[in-house]
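The lines below spell out each chain.
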Amino acid sequence: MSESSTGRINKQMLKCHSGEFDLESIHSLNLKGLDLNDLGCLGECFGLERLDLSKNDITRLYSLAGLTNLVCLNLSANRISSLEGLQSLDNLVKLNLAGNLIGSVDTLRSLSCLEKLTDLRLKDSVHELSNPICMNNSYKEEVITMLPILVILDGERLKGKGSALFQLCAKLDEELKDVPEESSELTDIPQGASGPWVPSDYWEHTATAFENSPLCDAEQQLEELLRTCRRMSHEAAEKVEIMTADAR
């Protein structure tokens, strides 16, 4: 009986999809979209580091417990409601669970002991994959509380470079939801009643006005900085010249 008809992973399937004869020599495996519902002997691939089981019919993950070398695991688009079996994956860094049946933050408790897990996906807007937990507007805050080590959640950076931009965009999107597409405050303004974008004398700076403005201070600071840079460059050039002469 073929692998696709049984839905169970067997050794022949693993060797065929990996090109390896020895299961322990398999480091990367793609079993995407094979109608799998039983992980079978997958747990014997002790050397696995990258595993893609997306778009199958998987519900139980116990067979993954021995794959302690896993770094990247894709379980998206399955029927998973429990994460029991993942708590022993000490080296796991990236985990994709989008498109499953995870209904509460408590289900993620199995991941709380994974000290290297920094990238978790529960929702994939691009592929329209989600989980029941994502229907809660505060799910991200709850997940972060449960898994404070996370750096990336649902593709959005929470810490480090770029995190401030993600947070700013999210806040802006939230505020724009309350803004009507066609604001009556704009459409009801009588023709000719709107004022100029800036005061008519905005661009007509007098010398005195400029000297008293912060722009003048900024210009002076910039000039001083440039003078300092030129001086330092000149001193550096002299030292290099002296060192070159000594070397000769």
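What you see as residue numbers is a count from 1 along each chain, following the sequence as written. Whole-chain, interface and lining totals are the exception, using all residues; otherwise, since this is a predicted model, local features are given only for residues with pLDDT of at least 70 and side-chain atom pairs are given and counted only at 80 or more. Side-chain metrics rest on all non-hydrogen atoms present in the structure, leaving aside hydrogens and water.

Draft legend 1. Region of interest: the pattern of salt bridges. One speaks of a salt bridge when a side-chain nitrogen belonging to Lys or Arg is within 4 Å of a carboxyl oxygen belonging to Asp or Glu. Tallied over the full model, the rule gives six salt bridges. Among the salt bridges present, the one from glutamate 44 reaches lysine 11, with a minimum N-O distance of 3.8 Å. Of this pair, glutamate 44 sits in the loop between β1 (28-30) and β2 (50-52) while lysine 11 sits in helix α2 (residues 11-18), and the two are 33 residues apart along the sequence. A simple rule labels every residue: compare its accessible area, found with a 1.4 Å probe on the protein chains alone, to the largest value its type can have, and call it buried under 20%, exposed over 50%, or partly exposed in between. For glutamate 44, a relative accessible area of 33% puts it in the partly exposed group. Numbering of helices and strands runs from the N terminus; a helix is a DSSP stretch of H or I covering at least four residues, while a strand is a stretch of E covering at least two.

Draft legend 2. Just the sheet that holds strand β6 (residues 152-153), in detail. Overall, mixed pairing links the seven strands, which are arranged β1-β2-β3-β4-β5-β6-β7 in an open sheet. Each edge of the open sheet is held by one strand with a lone partner, namely β1 and β7 (156-157). When β6 meets β7, the two strands line up antiparallel, connected through two bridges. Within the sheet, the bridge partner assigned to isoleucine 152 lies in β7 and is arginine 157. Between any two strands, at least two bridges found by DSSP are needed for them to pair.

Draft legend 3. Summary view of the nonpolar core. Buried Ala, Val, Leu, Ile, Met, Phe, Trp, Tyr and Cys residues form a nonpolar core when they are joined through side-chain atoms within 4.5 Å. Within the largest apolar cluster, 45 residues are counted, with the highest numbers of intra-cluster contacts made by Leu42, Leu53 and Leu64. For this core, the secondary-structure elements that each account for two or more residues are α2 and α3 (139-146). Ranked by residue count, the leading element in this core is α3, at three residues.

Draft legend 4. Summary view of the layout of surface pockets. Here the second largest pocket defines a volume of roughly 160 Å³. Lining residues are those with an atom within 4 Å of a point, where the points come from a 1 Å grid over the protein atoms alone and group into cavities, where a 1.4 Å probe fits but cannot get out, or pockets, open sets with protein on both sides within 12 Å along at least five of seven lines. Lys32, Asp52, Ser54, Lys55, Asn74, Ser76, Ala77, Asn96, Asp124, His127 and Leu129 together form the lining of the second largest pocket. For the lining of the second largest pocket, the per-class residue count stands at two nonpolar, five polar and four charged. Grid points are joined across faces, edges and corners, and a volume is the space filled by probe spheres set on the points. Residue type decides the class: Asp, Glu, Lys and Arg count as charged, Ala, Val, Leu, Ile, Met, Phe, Trp, Tyr, Cys and Pro as nonpolar, and the leftover types, Gly among them, as polar.

Draft legend 5. Structural detail: the side chain of serine 76. With respect to the helices and strands, serine 76 occurs in the loop between β3 (72-74) and β4 (94-96). Given a relative accessible area of 7%, serine 76 falls into the buried group. Not counting residues within four places of it along the chain, the set of residues in contact with serine 76 comprises Leu53, Ser54, Lys55, Asn96, Leu97, Ala98, Asn100 and Leu129. In this analysis, two residues are considered to be in contact whenever any of their non-hydrogen atoms come within 4.5 Å of each other.

Draft legend 6. A look at the environment of isoleucine 9. Inspection of the secondary structure puts isoleucine 9 in the loop between α1 (3-6) and α2. Along the primary structure isoleucine 9 and glycine 40 are separated by 31 residues, whereas in three dimensions their C-alpha atoms are 4.8 Å apart. With near-sequence residues (within four places) excluded, isoleucine 9 lies in contact with Leu14, Leu31, Leu36, Asp38, Leu39, Gly40, Cys41, Leu42 and Leu53.

Draft legend 7. Just a nonpolar patch on the surface, in detail. Think of a patch as exposed residues, more than 30% relative accessible area, with no salt bridge, where like charges cluster within 9 Å and nonpolar side chains (Val, Leu, Ile, Met, Phe, Trp, Tyr) cluster within 5 Å. With residues, only the protein chains shown are counted as cover, and all accessible areas are computed by Shrake-Rupley using a 1.4 Å probe. Taken together, Leu222, Leu225 and Leu226 make up a surface patch of nonpolar side chains, about 280 Å² in accessible area. By the element assignment, leucine 222 lies in helix α7 (residues 214-247).

Draft legend 8. Spotlight on the side chain of serine 54. Within the secondary structure, serine 54 is located in the loop between β2 and β3. Leaving out residues up to four positions away in the same chain, serine 54 has contacts with Leu31, Lys32, Gly33, Asn74, Ser76, Ala77 and Asn78.

Draft legend 9. The arrangement of α2 in detail. In this structure asparagine 10 caps α2, since a side-chain oxygen of it lies 3.2 Å from the backbone nitrogen of glutamine 12. Once α2 ends, the next one or two residues include glycine 19, with phi positive near 80 degrees. Between N or O atoms, a polar contact is any pair within 3.5 Å; within protein, one atom must be a potential hydrogen donor and the other a potential acceptor, and residues adjacent in sequence are included only when both atoms are from side chains.

Draft legend 10. Unusual backbone geometry, seen in detail. Despite not being glycine, glutamate 128 shows a phi value in the positive range, around 55 degrees. Its location among the elements puts glutamate 128 in the loop between β5 (119-121) and α3. Overall, glutamate 128 belongs to the exposed group, its relative accessible area being 73%. Within the chain, aspartate 154 stands out as a residue other than glycine whose phi angle is a positive 55 degrees. Here aspartate 154 shows up in the loop between β6 and β7.

Honestly, that's just the spatial picture; any functional story needs more than this.
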